[in-house]
Amino acid sequence: MLTSSLPPLPTPASKPAASAKASKPRPAAACASALAAGPAAASAPADAAAAGAGAGGGGGGRLSALIRSLCAAGRTAEAARALASAGDGAGVVAYNAMVAGYCRAGQLSAARRLAADVPVPPNAYTYFPVVRALCARGRLADALAVLDEMALRGCAPIPPMYHVILEAACRGGGFRSAVRVLEALHAKGCTLDTGNCNLVLNAICEQASVDEAVELLRKLPSFGCEPDVVSYNAVLKGLCMARRWRDVEELMEEMIRVDCPPNIVTFNTLIGYLCRNGLFERVHEVLAQMSEHGCTPDIRMYATVIDGICKEGHLAVAHEILSRMPSYGLKPNVVCYNTVLKGLCSAERWEEAEKLLAEMFEKDCPMDDVTFNILVDFFCQNGLVHRVIELLEQMLEHGCMPDVITYTTLINGFCKEGLIDEAVMLLKSMSSCGCKPNTVSYTIVLKGLCSAGRWVDAEELVSHMIQQGCSPNPVTFNTLINFLCKKGLVEQAIELLKQMLVNGCSPDLISYSTVIDGLGKSGKTEEALELLNVMVNKGMSPNTIIYSSIACALSREGRINRVIKMFDDIQDSTIRFDAVLYNAVISSLCKRGETDRAIDFLAYMVSSGCMPNESTYTILIRGLASDGFVKEAQELLSELCSRGALRKQLLRHFGIA
């Protein structure tokens, strides 16, 4: 039995017996004794250290270090006593450390009081921790008030403070809030820099309000800032997201006119969005324009462009760009070729893929592991596993070693072709080839064994997997649980669910869903409900599939009132039932010959705000006919077809002329 082969969680090794001979107390033990003695004893060294730190050279540095250390340990009260004990010897650095310590401990009121009453001239770093802590809590008004307090103390804020405040405004209240904060900072006389404004520009564009971004770009000089290339790039990205290509061209012309030429980021952004929108001719033009602006497209950019075009399915365009690269002074590398090759293989255009491989040889571009893995995957997907053996030999000839991806892909190919023994043999020989199989490799073979009904072999393979130090993951266990439930071996599936925890692997939604469905289909509805409660108590939220399994199980037992109660109990949750779930219950009732209750449940379905679909009516009509109500079924069918609720072709399907 599989479950018996899974090892239990390791138990901690027992500690060796204490030596009879007394040993010297360790430093850690001494610290523990000091703490056990109580706050007074523990704080005494801190007070003594503070007294020493206040006297003599370098004392300020020692005091601030002591305060930081105590605060980091959560001992802010002791840190405050150490600061007070230092008296006039405490400088601004020590006070700053204490303010920061209060902030880290969440004691904002204490931090603000201390910052306001520091007996030495404060600096920006006295207030910066307070501003940062307030912004982290979304208290922007209080953060701005701190800037006013600084002005009263004759202390000028620093640009990073503005950045933190604006970032919090963007995060908490949207870009309009950020613009208001930007204006408020300017009104306070704060010296903003372009980076502060760019932060807001980015937020505006991310929220797809590019017109407001353009407006702010024009207003930057009024804040004492000149737009830089980052400012323009933010707005350009917003225009690209909105597909306003004419405005993009005008903005780039403006960048050149104001002596802020596009940079590599500008072109990367533009090319990326052009590829996503299928404007490949424009991509050619932009690539050609780059050199005019002192930007040379590198091999990485071309690889990105080719990848984007291939993902859109425009393989001819991708190959054309690949061919044009030498004219731009670049030699395509194996990454570029692999991208196009993968696209051709995915589209099953093998003849073109072969020509591309020949081109790689002609252009002296050696194939790598990725190239061969693409080919292995193609052959396996198309049932050509016999060609893969030949390909593996070629890999070695080209100095490439098959890796775990290569072997796993081939194993998957064997399993798809039903060659399970070959898959098992290859899996077990991987280690001798210098390649250790991973969890995915084992799981694929286990799925193949389960599909072939070879449960004993699956048990043995799991034992082998664990012995080899490869831990099963939720997908591995779910594969086995699914097999057991399909075979009606639900008790063994439950045991396996328990063994997941023993092996440090938590059951997921799929694990519970599969077992609950298996229990329901086995007529063990009460056990299914119990497992549902276990799942909920673990903090997991059941999905529609789980509720559907429970509803069908209850319906098969005729417990329709329990189904309705379950539906009503979860009306306030995030679960939204669809027609598929209601249809499953109606189908179960019809199969039991309870069409009258099925009709009642249809009424409940409509009253719950879920409109029946064609499947709903088809199930009901079949149910009526099966119960001997043929005439009523025909009348209902004709009525629904005349109202457009069902296709008229169904009249012929049900044998009605």
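Residues numbered from 1 in each chain as written. Predicted model: local features only at pLDDT ≥ 70, side-chain atom pairs only at ≥ 80, totals over all residues. Heavy atoms only, no water.

Trainee: Would you take a moment to explain the nonpolar core for this structure?
Mentor: It is characteristic of soluble globular proteins that their nonpolar side chains tend to be buried jointly. F567 and F601 are the most contacted members of the largest nonpolar core, which has 205 residues in total. If one sorts the elements of this core by residue count, helix α10 (residues 159-187) sits on top with 14 residues. Ignoring any residue separated from it by four or fewer positions in sequence, one finds F567 in contact with A551, F577, L581, Y582, V585, F601 and Y604. In this structure, Y617, I621, L640 and C641 belong to the second largest nonpolar core, which totals seven residues. (Core = buried A, V, L, I, M, F, W, Y, C linked by side-chain atoms within 4.5 Å. Buried < 20%, exposed > 50% of the residue type's maximum accessible area, 1.4 Å probe, protein only. Helix = DSSP H or I, 4+ residues; strand = E, 2+ residues; numbered from the N terminus. Contact = heavy atoms within 4.5 Å.)

Trainee: Sorry, what's going on with unusual backbone geometry here?
Mentor: Outside of glycine, negative phi angles account for most residues, and trans bonds account for most peptide bonds. Unlike most non-glycine residues, R243 shows phi in positive territory, near 60°. With respect to the secondary-structure elements, R243 resides in the loop between α13 (229-241) and α14 (245-257). Here the phi dihedral of D259 falls at roughly 60°; this positive angle occurs in a residue that is not glycine. The topology assignment puts D259 in the loop between α14 and α15 (264-276). The exposed category is assigned to D259, whose relative accessible area is 68%.

Trainee: What is the right way to look at helix α26 (residues 455-467) in this model?
Mentor: In this model, α26 (13 residues) spans 19 Å end to end at C-alpha, consistent with the 18 Å of a helix rising 1.5 Å per residue. For α26, the complete set of buried residues consists of W455, A458, E459, L461, V462, S463 and M465. G469 sits one or two positions beyond α26 and adopts a positive phi of about 80°. (Expected span 1.5 Å × (residues − 1).)

Trainee: Looking at this model, I keep getting lost on the confidence of the model for the chain. Mind explaining?
Mentor: Across the chain, the average pLDDT comes to 82, with 88% of residues at 70 or higher. Here helix α2 (residues 27-36) stands out as the element of the chain with the lowest mean pLDDT, 32, in contrast to helix α25 (residues 439-451), whose mean of 94 is the highest. Across residues 1-58 the pLDDT falls below 50, and counting only partners more than four positions away or on other chains, this stretch makes 54 contacts in the model. (pLDDT = per-residue confidence, 0-100.)

Trainee: I would appreciate a short explanation of the packing of aromatic side chains in the present structure.
Mentor: Centre distance and the angle of the planes are the two values used to describe a pair of aromatic rings. Summed over the entire model, instances satisfying the criterion amount to seven aromatic pairs. Relative to F379, the ring of W350 lies with its centre 5.3 Å away and its plane at 65°, an arrangement referred to as edge-to-face. Taken together, the positions of W350 in helix α20 (residues 350-362) and F379 in helix α21 (residues 369-381) put the pair 29 residues apart, joining distant regions of the chain. Given a relative accessible area of 17%, W350 falls into the buried group. You can call F379 buried: its relative accessible area is 3%. (Phe/Tyr/Trp six-rings, centres within 6.5 Å; stacked < 30°, edge-to-face > 60°.)

Trainee: Explain the side chain of S511 here, please?
Mentor: You can see S511 is positioned in helix α29 (residues 509-521). Residue classification places S511 among the buried positions, given a relative accessible area of 0%. Not counting the four nearest positions on each side in its chain, S511 is found in contact with N478, I481, L497 and M500.

Trainee: So what exactly am I meant to see when it comes to the side chain of T595 here?
Mentor: Along the chain, T595 turns up in helix α34 (residues 595-607). Residue class for T595 comes out buried when judged on its relative accessible area of 5%. Excluding anything up to four places from it in sequence, T595 contacts L589, C590, G623, L624, D627 and F629.

Trainee: How should the environment of N338 be read in this particular structure?
Mentor: Following the sequence through the fold, N338 ends up in helix α19 (residues 334-346). The spatial distance from the C-alpha of N338 to the C-alpha of L357 is 9.4 Å, given a sequence separation of 19 residues. The residues touching N338, leaving out its near neighbours within four places in the chain, are D368, V370, T371 and I374.

Trainee: Would you explain the environment of V585 in this entry?
Mentor: Examined against the element boundaries, V585 turns out to sit in helix α33 (residues 579-591). Here V585 falls in the buried class, since its relative accessible area comes to 0%. Along the primary structure V585 and R556 are separated by 29 residues, whereas in three dimensions their C-alpha atoms are 8.3 Å apart. With sequence-adjacent residues up to four places away left out, V585 is seen in contact with A551, S555, I560, V563, F567 and F601.

Trainee: I tried to follow the packing of α14 against α15 on my own but got confused; where do I start?
Mentor: For any two helices packed against each other, one specifies the crossing angle of their axes together with the interaxial distance. In contact at an axis separation of 13 Å, α14 and α15 are set at 170° when each is read in the N-to-C sense. Here α14 is positioned roughly antiparallel relative to α15, judged by the angle of their axes. Contacts from W245, V248, M252 and M255 in α14 reach T266, F267, L270, Y273 and L274 in α15. (Axes fitted to C-alpha atoms, helices over the stretch in contact; angles between N-to-C directions. Parallel < 35°, antiparallel > 145°, perpendicular 65-115°, else oblique.)

Trainee: What exactly am I supposed to notice about the pattern of salt bridges here?
Mentor: Per the stated rule, a full pass over the model turns up 23 salt bridges. Across the pair K219 and E183 runs a salt bridge whose closest N-O atoms are separated by 3.5 Å. Taken together, the residues span a long stretch of sequence, with K219 in helix α12 (residues 210-219) and E183 in helix α10 at a distance of 36 residues. Under the relative-accessibility criterion, E183 is labelled partly exposed at 35%. Here R282 makes a salt bridge to E285, at a shortest N to O gap of 3.3 Å. Separated by three residues within a single helix, R282 and E285 lie in helix α16 (residues 280-290), roughly one turn from each other. Connected through shared salt-bridge partners, D211, R244 and D247 make up one network. (Salt bridge = Lys/Arg side-chain N within 4 Å of Asp/Glu carboxyl O.)

Trainee: Any chance you could explain the packing of helix α27 (residues 474-486) against helix α28 (residues 490-502) here in plain terms?
Mentor: The N-to-C vectors of α27 and α28 enclose an angle of 165°; their axes lie 8 Å apart at closest approach. Judged by the inter-axis angle, α27 sits roughly antiparallel to α28. The handedness of the crossing between α27 and α28 is left-handed. Here α27 contributes P474, F477, L480, I481, L484 and C485 to the contact with α28, which in turn contributes V490, Q492, A493, L496, L497 and M500. Residues belonging to the contact of α27 with α28 are distributed by class as follows: eleven nonpolar, one polar and no charged. (Left-handed = near helix turned anticlockwise from the far one by under 90°. Nonpolar A, V, L, I, M, F, W, Y, C, P; charged D, E, K, R; others polar.)

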